[in-house]
Each structure stands twice: as C-alpha cells, then as structure tokens.
2 protein chains.
Amino acid sequence: MGLTKTEMFSELQNEIALYAKVFGHPARVAILQHLFKINTCVCGDLVDEIGLAQPTISQHLKELKHLGLIKGNVEGTSVCYCVDSKNWAKMKEVMFQFLDQDLSKEQCC
Amino acid sequence: MGLTKTEMFSELQNEIALYAKVFGHPARVAILQHLFKINTCVCGDLVDEIGLAQPTISQHLKELKHLGLIKGNVEGTSVCYCVDSKNWAKMKEVMFQFLDQDLSKEQCC
DNA sequence: TTAGTTCATTGCAATATTACGATAAAGATT
DNA sequence: AATCTTTATCGTAATATTGCAATGAACTAA
C-alpha cells in the first residue's frame, strides 16, 4: 500500500520517524555534512559537490527545508543555504532521547 | 526512478542513511520503544501493542533484524525479540557523530 | 493423529520516493 | 532589450515501501 498509518502512532513516534526519514537518503546526509563542513551558507556548490542533477538536489533541499533543518536565503540570483541551528538542536534532542535509551537490564537473547 | 544512487556516496553516508531509513517509520520506532520499555525479550505482544496486522509487524521486525538492531530467539512456538545492545551502541555512535556536529561559526542566514 | 498456536513468507495492490529532462522564474550582465 | 546565471517547478518513468489476506512451517496440546 505504501501508506503509513500515522494515526495509529503517538505524536513523538511520528516526529522521530519524520526526522529519521529525511536522513534516510545519502544525498541529504551529504548535503548536511557539506553544510556543516563549510559551516556557512552555500550558494550552489551543492550540485557540483554531490553528483546529482540540479532538480534532484533542489528537491532534496526542499525536503530539508520543509522540516526546518535548513534555511535558504535568496541572494541575488542564487540562494544561500545553511543549517537552521535552532531547529537542528530541537531535532537533536528528540533523536538523542530516542537513540540513547539504556539497556541496563539483562537480556535473555 | 525511486533508485538511490548509493555508489555516488561515501560508505559512512550510506551507513547513516540506512540506519535512519529503518527509523523512518513510526511502526519500527514503536517496536523499538516497546522493546526498550519492557527491557527484555518480547514474544508476541507486539501485534497487540501496535495496531498493525501480524504479517506487517513481522516484516518490520525483519528489517530491524536485518540491520542487526534486534535479535530474535526461537522459544518453542514463539519468538522472543530484544534489542541487540552491542549493535545498538555501534549505531548510536555513528548517528551521534552525525547529529552532534556543532554550529559554532556564525551563520549568514 | 488432529487441532491449535505462533510467527514467517508469498503475492499483490496502493502509495511514496527518487531522478531528471524540460521549462519557468527572477535577478544580473551586456 | 537580449542574454546569461541560478534555482524552482512540472511532468513522468522507474523503483521502493507499506499493508494485509492467504498460506506455510514448526512446535504444542489434546
């Protein structure tokens, strides 16, 4: 069916899944890593940096922007992208809490 | 096309994306949360706990198992699942390193 | 043996995602 | 104005994902 039944899950579960989904493609991971590496706005390097076509990159950027993880600033003809540090921190908190659960008790397996 | 061009990306980028992808569905998030909450093996509660059909849960479990994040132990008629703490820790390290990049430098946006 | 329980697998339909050519939009340059 | 540069959007093809009914496999209980 391809249709996720979001209504069956808690808001937190859906939030985690949404964040994770956007990281679930290496192109978006690469985009973010580049933004972190440069650590300032990037205006167009991305298509050269990553090997995908311009419309494809644009689409991936859109998804990252839609979740609020990056911001885009129009600057003349080009657009400057950078990580939205405030929203990134929010996301990090949610994801850390999920990933950092402890496994103290013994396991039977 | 729906076909990710994995060969264009680094091994780390693909690894991060694979982990993230498996967390990119609320059912799998819910399964993992339940396993953490119970903090021991679970033999069949999952279908009741989460509201999806048994084959659907089985499929999600398969994906989690395939990545090594959970283990399944056959115990008579039933199968006991639990988080594989060693592999979970490995995954955590990879994901933390990706998520925990700092944003010290000023941003222009 | 027969029937019941539990989980995996198969097969399929519906939807989502990915990629990109073509094109549009908008500012910059000549 | 005419052209160039840069990014977004549209349309479409290919592939992936999700969900479940039906069925199978394997052990248990009567």
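For the structure, check the block above.
Residues numbered from 1 in each chain as written. Chains lettered and ligands numbered in written order. Predicted model: local features only at pLDDT ≥ 70, side-chain atom pairs only at ≥ 80, totals over all residues. Heavy atoms only, no water.

## Notes on the interface of chain B and chain A
Tallying the contact residues gives 51 residues for chain B and 51 residues for chain A. Both sides of the chain B and chain A interface together cover about 4600 Å² of buried area, and 68% of this is carbon and sulfur. Counting across the interface, chain B meets chain A through two salt bridges. Ionic pairing is found between B:Lys92 and A:Asp100, a salt bridge with its closest N-O pair at 2.9 Å. Breaking the side of chain B that touches chain A down by element, the ones donating at least two residues are α1 (11-22), α2 (26-38), β1 (70-75), β2 (78-83) and α5 (85-99) of chain B. (Contact = heavy atoms within 4.5 Å. Buried area = accessible area lost by both parts, 1.4 Å probe. Salt bridge = Lys/Arg side-chain N within 4 Å of Asp/Glu carboxyl O. Helix = DSSP H or I, 4+ residues; strand = E, 2+ residues; numbered from the N terminus.)

## Topic: the protein's contact with DNA strand C
Lining the immediate environment of DNA strand C, one finds 30 residues, of which A:Met1, B:Met1, B:Gly2, B:Lys5 and B:Tyr81 sit closest. Sugar and phosphate atoms represent 59% of those atoms of DNA strand C found within 4 Å of the protein. Contacts to DNA strand C include A:Arg28, whose side-chain N or O atom sits 3.1 Å from a phosphate oxygen. A per-element tally of the surface near DNA strand C places helix α4 (residues 54-66) of chain A first, with five residues. Looking at the surface near DNA strand C residue by residue, the classes come out as 11 nonpolar, 14 polar and five charged. (Near = heavy atom within 4 Å. Polar contact = N/O pair within 3.5 Å; in protein donor to acceptor, adjacent residues only side chain to side chain. Nonpolar A, V, L, I, M, F, W, Y, C, P; charged D, E, K, R; others polar.)

## So, the pairing of β2(B)
Residue and element names in this part refer to chain B. Where β1 meets β2, six bridges bridge the pair, whose relative direction is antiparallel. Each bridged residue has a counterpart across the sheet, and for Ile 70 the counterpart in β2 is Val 83. From the end of β1 to the start of β2, which pair antiparallel, there are two residues, and Gly 76 there has a positive phi angle of about 70 degrees. (Pairing = 2+ DSSP bridges.)

## Re α2(B)
Residue and element names in this part refer to chain B. Under the 1.5 Å per step criterion, the end-to-end length of α2 is 18 Å for 13 residues, consistent within 8% with the ideal 18 Å. Buried residues dominate α2, accounting for 10 of its 13 residues. By the burial criterion, the buried members of α2 are Pro 26, Ala 27, Arg 28, Val 29, Ala 30, Ile 31, Leu 32, His 34, Leu 35 and Phe 36. (Expected span 1.5 Å × (residues − 1). Buried < 20%, exposed > 50% of the residue type's maximum accessible area, 1.4 Å probe, protein only.)

## Regarding the protein's contact with DNA strand D
As a structural note, the neighbourhood of DNA strand D is formed by 30 residues, with A:Met1, A:Gly2, A:Lys5, A:Tyr81 and B:Met1 the closest of them. Taking all atoms of DNA strand D within 4 Å of the protein, the share assigned to sugar and phosphate is 58%. A distance of 2.7 Å is found between a base nitrogen of DNA strand D and a side-chain nitrogen or oxygen belonging to A:Gln54. Side-chain polar atom of B:Thr56 to a phosphate oxygen of DNA strand D: 3.2 Å apart, as the coordinates give it. Top contributing element to the surface near DNA strand D by residue count: helix α4 (residues 54-66) of chain B, with five residues. Looking at side-chain class alone, the surface near DNA strand D contains 11 nonpolar, 14 polar and five charged residues.

## Topic: the relation of the copies chain B and chain A
What relates the two chain copies is a rotation about an axis together with a slide along it. Its rotation angle being 180 degrees, the transformation that places chain B on chain A also includes 0.0 Å of axial translation and leaves an RMSD of 0.0 Å. On the angle and the small slide along the axis, the relation comes out as a two-fold axis. Proximity to the rotation axis, assessed at the C-alpha, singles out B:Ala20 in chain B; its C-alpha lies 2.4 Å from the axis. Looking at the interface residues of chain B, 100% of them are also at the interface in chain A, so both copies use one shared face. (Least-squares fit on C-alpha atoms with pLDDT ≥ 70 in both.)

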